[in-house]
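In case you want the letters, here they are:
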Amino acid sequence: MTDFFDIHPRLLEVSRQAEDLCRDPFARIAENEEYNGQKVLSAFLKNGISEAHLKGTTGYGYDDRGREGLDAVYASIFGAEDALVRHTFVSGTHALATALFGVLRPGDLMVSVTGSPYDTLEETIGIRGKNTGSLMEWGVKYRQVDLLPSGTPDYAAIAEAARGARMIYIQRSRGYSLRPSLSVEDIGGIAKVAKEQNPNVIVMVDNCYGELVEKREPTQAGADLIAGSLIKNPGGGIAPTGGYIAGRKDLVELCAYRLTCPGMGKEVGCTLDTLRSLYQGIFFAPTVVASALKTAVFAAAFYHLLGFEVNPSHDVPRTDIIQSVLTGGPEMLCAFCRGIQKGAPVDSFVTPMPWDMPGYDSQVIMAAGAFTMGASIELSADAPLREPYAVWLQGGLTYPTGKAGVILSAQEMAEAGLLKL
Ligand SMILES: *Cc1c(COP(=O)(O)O)cnc(C)c1O
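Residues numbered from 1 in each chain as written. Predicted model: local features only at pLDDT ≥ 70, side-chain atom pairs only at ≥ 80, totals over all residues. Heavy atoms only, no water.

Asker: It is not clear to me how the packing of aromatic side chains should be interpreted in this structure. Could you clarify?
Answerer: Working definition: an aromatic ring pair is given by the centre-to-centre distance plus the angle between the planes. Counted under the stated rule, the structure contains 15 aromatic pairs. An angle of 55 degrees between the planes, with centres 5.9 Å apart, marks the rings of tyrosine 74 and phenylalanine 78 as tilted. Here the residue tyrosine 74 and the residue phenylalanine 78 both occupy positions in helix 3 (residues 65-78), the gap between them amounting to 4 residues, near one helical turn. Ring geometry for phenylalanine 302 and tyrosine 303: centres 5.4 Å apart, planes at 85 degrees, overall edge-to-face. Each member of the pair, phenylalanine 302 as well as tyrosine 303, carries the same accessibility label: buried. Taken together, the ring pairs connect Phe26, Phe298, Phe302, Tyr303, Phe308, Phe336 and Tyr399 into an aromatic cluster. Its end group placed over the ring of tyrosine 35, lysine 215 keeps NZ or CZ at 5.4 Å from the ring centre. The positively charged end of lysine 232 is found above the aromatic ring belonging to tyrosine 209, 4.1 Å away from the centroid. (Phe/Tyr/Trp six-rings, centres within 6.5 Å; stacked < 30°, edge-to-face > 60°. Helix = DSSP H or I, 4+ residues; strand = E, 2+ residues; numbered from the N terminus. Buried < 20%, exposed > 50% of the residue type's maximum accessible area, 1.4 Å probe, protein only. Lys NZ or Arg CZ within 6 Å of the ring centre and 35° of its normal.)

Asker: Please explain the environment of lysine 232 as it appears in this structure.
Answerer: Along the chain, the position of lysine 232 falls in the loop between strand 6 (225-229) and strand 7 (243-247). By relative accessible area, which is 11% here, lysine 232 ends up buried. Considered as a pair, lysine 232 and cysteine 270 are 38 residues apart in the sequence and their alpha carbons are 23 Å apart. Setting aside anything within four residues of it in sequence, one finds lysine 232 in contact with Tyr118, Cys208, Tyr209, Ser376 and Ile377. (Contact = heavy atoms within 4.5 Å.)

Asker: What am I meant to see in the site of the ligand here?
Answerer: Around the ligand, the neighbouring residues are Ser91, Gly92, Thr93, Leu96, Tyr118, Gln171, Asp206, Cys208, Tyr209, Ser229 and Lys232. Note that an oxygen atom of the ligand is positioned 2.8 Å from one of the backbone N or O atoms of glycine 92. Here aspartate 206 contributes a side-chain N or O atom positioned 2.5 Å from a nitrogen atom of the ligand. In the complex, the protein chains occlude 87% of the 380 Å² of accessible area that the ligand would expose alone. Looking at the shell around the ligand, the element that brings in the most residues is helix 4 (residues 92-103), giving 3 residues. (Near = heavy atom within 4 Å. Polar contact = N/O pair within 3.5 Å; in protein donor to acceptor, adjacent residues only side chain to side chain. Areas by Shrake-Rupley, 256 points an atom, 1.4 Å probe, with all protein chains shown as cover.)

Asker: Can you walk me through the packing of helix 9 (residues 275-305) against helix 11 (residues 399-415) in this structure?
Answerer: The description of two helices packed together rests on the angle between their axes and the distance between the axes. Relative orientation of the contacting elements helix 9 and helix 11 amounts to 30 degrees, with a least axis distance of 8 Å. Considering their axes alone, helix 9 and helix 11 lie roughly parallel with respect to each other. For the pair helix 9 and helix 11, the sense of crossing is right-handed. From helix 9, Ser291, Lys294, Thr295, Phe298, Ala299, Phe302 and Tyr303 reach across to helix 11, where they touch Tyr399, Gly402, Lys403, Val406, Ile407, Ser409, Ala410 and Met413. Its residues placed into classes, the contact of helix 9 with helix 11 shows 9 nonpolar, 4 polar and 2 charged. (Axes fitted to C-alpha atoms, helices over the stretch in contact; angles between N-to-C directions. Parallel < 35°, antiparallel > 145°, perpendicular 65-115°, else oblique. Left-handed = near helix turned anticlockwise from the far one by under 90°. Nonpolar A, V, L, I, M, F, W, Y, C, P; charged D, E, K, R; others polar.)

This is how it looks when you write it as structure tokens:
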């Protein structure tokens, strides 16, 4: 840590010890970064990306070479038959909802096999809210298979549920829960079990926060369809908005029919001036994901040494970029978030406060000072003010700045008199 920041000497010492603990995990992350960096480069070469691809179209966007090239690059990276990468997806939820509405039909049964889906999908499915045009309102049936108490998939229950299902739905990341994130191998195991029972079942994965964390993606392990956000991992901190869907060609086409209209699908949709940033984003993504992973692992080691319970611990191989720290109380939680905010490149001077966020049953506090509003591939922290006062930390465009943010979160707790050093 440099002397640009006035950090308590004890925290500096702990940060050095933490980095010692991180040597092996950092080496694993670097190895993965190299693999995925070259995987992405090879996708550019294979698809002959040229300067012309970086320039967008206006109007209908017929024959937009850049759009088609970007879809092909994503398909190559994900080992998928096709992809739909669009700046007009307003968020990850929009991409996921487009995929669900794209492939499910009235009477179909969707089974979530990783417990309750990410909060924002509850209204899309129809678990929450009325008269919104949810899947359930359109006659799609929904069932849930919870994870076992150990946090692992319940394969027996999944096999049973797959028989009558049209779709098996998997969330790769922990989201904002304390369960472990699923590995691509776990996802492959679920897909195998489900397809043994029902070869026609569609295995769909919410891939948010998981992209490029491992060498393989779910589509390379038996998933038929994946979707995610470009202001998380695959946008590399450069894409200003957008989302993607990738997978089986026939399914991606149905999703494109849903996004635009039946018959037109992928053939339309101008790209304006967005292509360069989307190409550059996926190009940088392996290195940005590695920075976020190093920041998470450092935070795990650092807070563990300070006596906090962390999840996952620094030495566990990662399958998403999320780190949680159990702070122990509401004051600690708020101080942690204030410290993260103080280390943000944008809006470092504002003070995050808990608020009644729509859709949550307790107050929520969020720290984010990002170049792109809401981008959680940039260092950010979120927490509901409730037991066990866990905070979820994710992102970090570069490791030196991510590390500084983490240390500043502890410095803020110390300055508030909440952390004895
Ligand atoms: C971020 C996220 C989503 C989608 O959220 P958006 O904010 O709409 O992009 C869905 N599932 C998981 C697990 C996520 O982390």
